[in-house]
Amino acid sequence: CCSEDTYTDCPTFEQPLWVGDARNEALVYLIANGDPRLSARCLRLTGRRLDRSPITESQVPSGWQNLLTTWTFLWMRWAQEHFELTGDRAFAHEMIGYLDRNIAGMRNAINSRGLFEMFAWNLFDWAAMDTPADGIVTHVNCLASLGLRQSAMLAKSLGEEERAKEWNQFADDLAACLAVLAAEQG
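Residues numbered from 1 in each chain as written. Predicted model: local features only at pLDDT ≥ 70, side-chain atom pairs only at ≥ 80, totals over all residues. Heavy atoms only, no water.

Let us look at the nonpolar core. If you look at the biggest cluster of nonpolar residues, it comprises 51 residues, and the most contacted ones within it are Trp75, Met106 and Phe116. Counting only elements with at least two residues in this core, the list comes to strand S1 (17–18), helix H1 (19–33), helix H2 (37–48), helix H3 (69–86), helix H4 (89–107), helix H5 (138–157) and helix H6 (161–184). Apart from the residues lying within four places of it in its own chain, the contact partners of tryptophan 75 are Val19, Leu43, Thr46, Gly47, Thr56, Met95, Tyr98, Leu99 and Asn102. (Core = buried A, V, L, I, M, F, W, Y, C linked by side-chain atoms within 4.5 Å. Buried < 20%, exposed > 50% of the residue type's maximum accessible area, 1.4 Å probe, protein only. Helix = DSSP H or I, 4+ residues; strand = E, 2+ residues; numbered from the N terminus. Contact = heavy atoms within 4.5 Å.)

Written out as C-alpha cells, the structure is:
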C-alpha cells in the first residue's frame, strides 16, 4: 500500500518518498518479496540529490531541499543492507560513488571538536526530545558513525579495502570525540 514508483510515506496523506521511512519499507519488502527494483530505485534517487546538497536529502524527488541527518545515515545503512539482501555487486558499486560523495559532505560538517555538526533537521523520531537544528547532537553523531561502519562493510565486500579502512577510521574518530565530550560533561 505504501509504494507507487517509489516507497511512499502513506498512500493517502503524505505521498513523497521519505528516505528514512523508505529504508524500513524496503527491508521488509526485500525480505518478503525479494524484488530489489523499487529499493534500488529509491536508493539511486536519493543519491542523485547530492547534486544540490552536501548530504542526501530527506525526501526525493522534491522541490523542498530538506536535510534530515538521521535519514541520511539510514540511507547509508540501507545501501549496505540492500547489497546484503540482494548480492547485486554492480548496483553496490554504483552506490559506493554516492556514498563517497555523501561522506565528503559529512567531512565538511566536522567541527573543531571533531564532531558532525550541521544546521539541519536533527529529528531522531517523533519522541519528545530537544533536537536543535544546530549544535552537536549526540544521536546524530552515533548514527553517523553507524552509517560509516556499514558503508565500510559494503566497501570491504566489494574489495575496496582502502575506502573501507578510511570510512571505519572516520567512524572511530567520531566515536572517540563523542567519548571525550561525554567525559567532559560527566
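Our focus in this paragraph is the environment of asparagine 108. With respect to the secondary-structure elements, asparagine 108 resides in the loop between H4 and H5. Under the relative-accessibility criterion, asparagine 108 is labelled exposed at 71%. When the C-alpha positions of asparagine 108 and isoleucine 136 are compared, they lie 14 Å apart, and in sequence the two are 28 residues distant.

What follows is about the pattern of salt bridges. The tally for this structure, following the rule as stated, stands at 12 salt bridges. In this structure, arginine 37 engages aspartate 35 in a salt bridge whose closest nitrogen and oxygen atoms are separated by 2.6 Å. The salt bridge involving arginine 149 is made with aspartate 172; its shortest N-O contact spans 2.8 Å. Of this pair, arginine 149 sits in helix H5 while aspartate 172 is found in helix H6, placing the two residues 23 residues apart along the sequence. The exposure class assigned to arginine 149 is partly exposed, which follows from its relative accessible area of 29%. We classify aspartate 172 as partly exposed; its relative accessible area is 36%. Overlapping salt bridges bring together Arg23, Arg77 and Glu81 as one network. (Salt bridge = Lys/Arg side-chain N within 4 Å of Asp/Glu carboxyl O.)

With that out of the way, let us pick up H3. In this model, H3 (18 residues) spans 26 Å end to end at C-alpha, consistent with the 26 Å of a helix rising 1.5 Å per residue. In terms of burial, H3 is largely enclosed, as 15 of its 18 residues are buried. In the segment just after H3, glycine 87 is the residue with positive phi, at about 70 degrees. (Expected span 1.5 Å × (residues − 1).)

When the pLDDT values of the chain are averaged, the result is 91; 93% of them are 70 or greater. Element-level mean pLDDT values for the chain span from 87 in S1 up to 98 in H4. (pLDDT = per-residue confidence, 0-100.)

Let us now look at the state of the cysteines. As enumerated under the stated definition, the model contains 0 disulfides in all. Residue cysteine 142 stays outside any disulfide, its sulfur separated by 12 Å from that of cysteine 177, the closest cysteine. Cysteine 142 sits in the partly exposed class, given a relative accessible area of 41%. (Disulfide = S-S within 2.5 Å.)

Evaluation of the coordinates by the stated rule reveals 3 aromatic pairs. Ring geometry for tryptophan 18 against tryptophan 121: centres 6.0 Å apart, planes inclined by 85 degrees, an arrangement best described as edge-to-face. Taken together, the residues tryptophan 18 in strand S1 and tryptophan 121 in the loop between H4 and H5 connect sequence positions 103 residues apart. We classify tryptophan 121 as partly exposed; its relative accessible area is 28%. (Phe/Tyr/Trp six-rings, centres within 6.5 Å; stacked < 30°, edge-to-face > 60°.)

What follows covers the packing of H4 against H5. Helices that pack against each other are described as a pair by the angle of their axes relative to one another and the distance between those axes. Two elements in contact, H4 and H5, have axes separated by 10 Å at closest approach and are oriented at 145 degrees. As for how H4 packs across H5, the hand of that crossing is left-handed. Contact residues: Arg89, Ala92, Ile96, Leu99, Ile103 and Met106 in H4; Ala144, Leu148, Ser151, Leu154, Ala155 and Ser157 in H5. Taken together, the residues of the contact of H4 with H5 sort by class into 9 nonpolar, 2 polar and 1 charged. (Axes fitted to C-alpha atoms, helices over the stretch in contact; angles between N-to-C directions. Left-handed = near helix turned anticlockwise from the far one by under 90°. Nonpolar A, V, L, I, M, F, W, Y, C, P; charged D, E, K, R; others polar.)

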